[in-house]
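# Understanding the architecture of this molecule
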Amino acid sequence: MRVAILPGDGIGPEIIAQATKVLRTLGLPLELETAPVGGAGYEAAGDPLPAKTLALAKEADAILFGAVGDARYDKLERAKRPEQAILGLRKALGLFANLRPARVHAELAAASALKPEVEAGLDILIVRELTGDIYFGEPKGVRDAGGEREGFDTMRYRESEIGRIARVAFEAARKRARRVCSVDKANVLETSQLWREVVSAEAAKYPDIELSHMYVDNCAMQLVRNPKQFDVIVTGNLFGDILSDEASMLTGSIGMLPSAALNESGKGLYEPIHGSAPDIAGRGVANPLATILSAAMMLRYSLRTPQAAERIEGAVARVLQDGLRTADIYTAGMRKVGTEQMGDAVVAAL
Ligand code: IPM
Ligand code: MG
């Protein structure tokens, strides 16, 4: 099984090093090949997504991705900026289905900003459409509008794009509590009205699933008021970007959340949902657990080795039970450890 390892920028290389260490401990026939991406890609080849990196990603059975982005590259033209690497990979590989679970580890309940009774036992899955919407819709740009500049982007969704992400959500719900909440802004946006219609039509094929609809502003509020009302949330690219960051904080730290981006044949890119955190890069304090848990998702969804995935998840639970905490999830009385020590502890627990 070939895995493309794309560490990226900022804390990316540090957290990926811990995840690859964990993968190597499993004793599986994995071939791990590393390539530069993001700012690192720009430094190596003048392109955030170098041709060689893209080729490797296409050939591999799965991709483990760190994070991209650094203020150093913010002044570059858009096509050269690090974010284009992840957007380009998603588009080039057709990774339309983004699974972002938000689960509260019992041991970390104290790290959440919410009251324990509001978030204890929380288990939500956000299914975010990842290759359409205002992220990729054309036309977009900045044009002259009678003496001043005007920026514009286009929100678009085709029925086929809405239908296939809805099916992913319904199928996922079948393995969970069988409830799907579709989030849109149908009171204002045409795109959202179509979204709601198509999701409702797909739901007819899943009579065992309970479907509800919610406006995105209300959903943002409900997520902090009573997050346990949700099982699966399905939504478009932009709303999903925002709501998944919000949901991550319900669990105590964005440093804990893995994600998968899958295409129609089940090939996937796996990444922590947090970014490159340039402010703490190189200091050895970043939390590697989201990346390690992303590697577990990779084993489950793309490499079809669910037992190995469970071993990793069990090992992570174990180190948390043992009281080990990186700075982002630290609470009084626990043992504060750095990135590498946390990775070593997971390896030891394996
Ligand atoms: C994410 C990130 C990306 C996105 C950025 C880095 C382009 O925020 O994966 O959520 O907006 O999709
Ligand atoms: Mg985001």
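Residues numbered from 1 in each chain as written. Chains lettered and ligands numbered in written order. Predicted model: local features only at pLDDT ≥ 70, side-chain atom pairs only at ≥ 80, totals over all residues. Heavy atoms only, no water.

## Examining the site of ligand 1
Around ligand 1, a shell composed of E83, R90, R100, R128, Y135 and D241 is seen. Take R128: an N or O atom from its side chain is 2.8 Å from an oxygen atom of ligand 1. Between ligand 1 and the protein, one listed contact pairs an oxygen atom with a side-chain N or O atom of Y135 at 2.5 Å. Starting from 320 Å² of accessible surface for ligand 1 in isolation, the protein chains cover 75%. Tallied by class, residues from the shell around ligand 1 come to one nonpolar, no polar and five charged. (Near = heavy atom within 4 Å. Polar contact = N/O pair within 3.5 Å; in protein donor to acceptor, adjacent residues only side chain to side chain. Areas by Shrake-Rupley, 256 points an atom, 1.4 Å probe, with all protein chains shown as cover. Nonpolar A, V, L, I, M, F, W, Y, C, P; charged D, E, K, R; others polar.)

## Description of the domain arrangement of the protein
Interfaces are often described in size by the accessible area the parts lose on coming together. Domain assignment breaks the protein into domain 1 (1-96 + 256-350) and domain 2 (113-251). With centres defined by C-alpha atoms, the gap from domain 1 to domain 2 works out at 24 Å. Across the contact, 10 residues belong to domain 1 and 13 residues belong to domain 2. Between domain 1 and domain 2 lies a buried interface of about 1100 Å² when both sides are counted; carbon and sulfur atoms form 69% of it. The tally of links between domain 1 and domain 2 comes to one salt bridge. Joining domain 1 to domain 2, the criterion identifies three residue pairs in polar contact (both at pLDDT 80 or more). If one sorts the elements of the side of domain 1 that touches domain 2 by residue count, helix 4 (residues 83-92) sits on top with three residues. Among the residues making up the side of domain 1 that touches domain 2, the classes are represented as six nonpolar, one polar and three charged. (Domains from an automatic or database assignment. Contact = heavy atoms within 4.5 Å. Buried area = accessible area lost by both parts, 1.4 Å probe. Salt bridge = Lys/Arg side-chain N within 4 Å of Asp/Glu carboxyl O. Helix = DSSP H or I, 4+ residues; strand = E, 2+ residues; numbered from the N terminus.)

## Some words on the nonpolar core
One finds L23, L64 and I124 to be the most contacted residues of the largest nonpolar core, which totals 81 residues. The residues touching L23, leaving out its near neighbours within four places in the chain, are L30, L32, L64, A295, M298 and L299. Counting 20 residues, the second largest nonpolar core, distinct from the first, contains L6, A60, I86 and L130. (Core = buried A, V, L, I, M, F, W, Y, C linked by side-chain atoms within 4.5 Å. Buried < 20%, exposed > 50% of the residue type's maximum accessible area, 1.4 Å probe, protein only.)

## Quick look at the sheet that holds strand 2 (residues 31-34)
Strand pairing in a sheet relies on backbone hydrogen bonds, with the paired strands running either antiparallel or parallel. Judged by pairing direction, the sheet is mixed, and its 10 strands sit side by side in the order 2-1-3-12-11-4-5-10-8-9 without closing on themselves. The outermost strands of the open sheet, each flanked by one partner alone, are strand 2 and strand 9 (210-215). Ignoring strand direction, the axes of neighbouring strands in this sheet form an average angle of 20 degrees. Bridge count between strand 3 (residues 62-67) and strand 12 (residues 268-272): three bridges; the pairing is parallel. Counted as the bridge partner of A62 is G268 from strand 12. (Pairing = 2+ DSSP bridges. Axes fitted to C-alpha atoms, helices over the stretch in contact; angles between N-to-C directions.)

## Comments concerning the side chain of H274
Residue placement: H274 occurs in the loop between strand 12 and helix 10 (289-301). Setting aside its immediate chain neighbours within four residues, H274 contacts I11, I15, A67, I254, G255, N287, A290 and T291.

## Things to note about the environment of V347
Assignment of secondary structure puts V347 in helix 12 (residues 339-349). A residue is classified by how much of its surface remains accessible, and V347, at 23% relative accessible area, is partly exposed. V347 sits 221 residues away from I126 along the chain, and the two C-alpha atoms are 29 Å apart. Once you skip the residues sitting within four places of it in the chain, V347 turns out to touch K21, V22 and T25.

## Section: the packing of helix 11 (residues 306-321) against helix 12
Packed helix pairs are specified by the crossing angle of their axes together with the interaxial distance, meaning the distance between the axes. Between helix 11 and helix 12, whose axes approach to 8 Å, the crossing angle comes to 115 degrees. The element helix 11 and its partner helix 12 pack so that their crossing is right-handed. For the pair helix 11 and helix 12, the contacting residues are A315, V316, R318 and V319 in the first and M342, A345, V346 and A349 in the second. Residues of the contact of helix 11 with helix 12, tallied by class, amount to seven nonpolar, no polar and one charged. (Left-handed = near helix turned anticlockwise from the far one by under 90°.)

## What about helix 7 (residues 190-203)?
Look at helix 7: 20 Å from first C-alpha to last across 14 residues, which is about the 20 Å you get at 1.5 Å a residue. Where helix 7 is concerned, the buried positions are T191, S192, W195, V198, V199, E202 and A203. Each buried residue of helix 7 sits inside an arc of 140 degrees when the element is viewed along its axis, so together they form one side. Opposite the packed face of helix 7, turned more than 90 degrees from it, sit the exposed residues E190 and E197. (Expected span 1.5 Å × (residues − 1). Arc of directions from axis to C-beta.)

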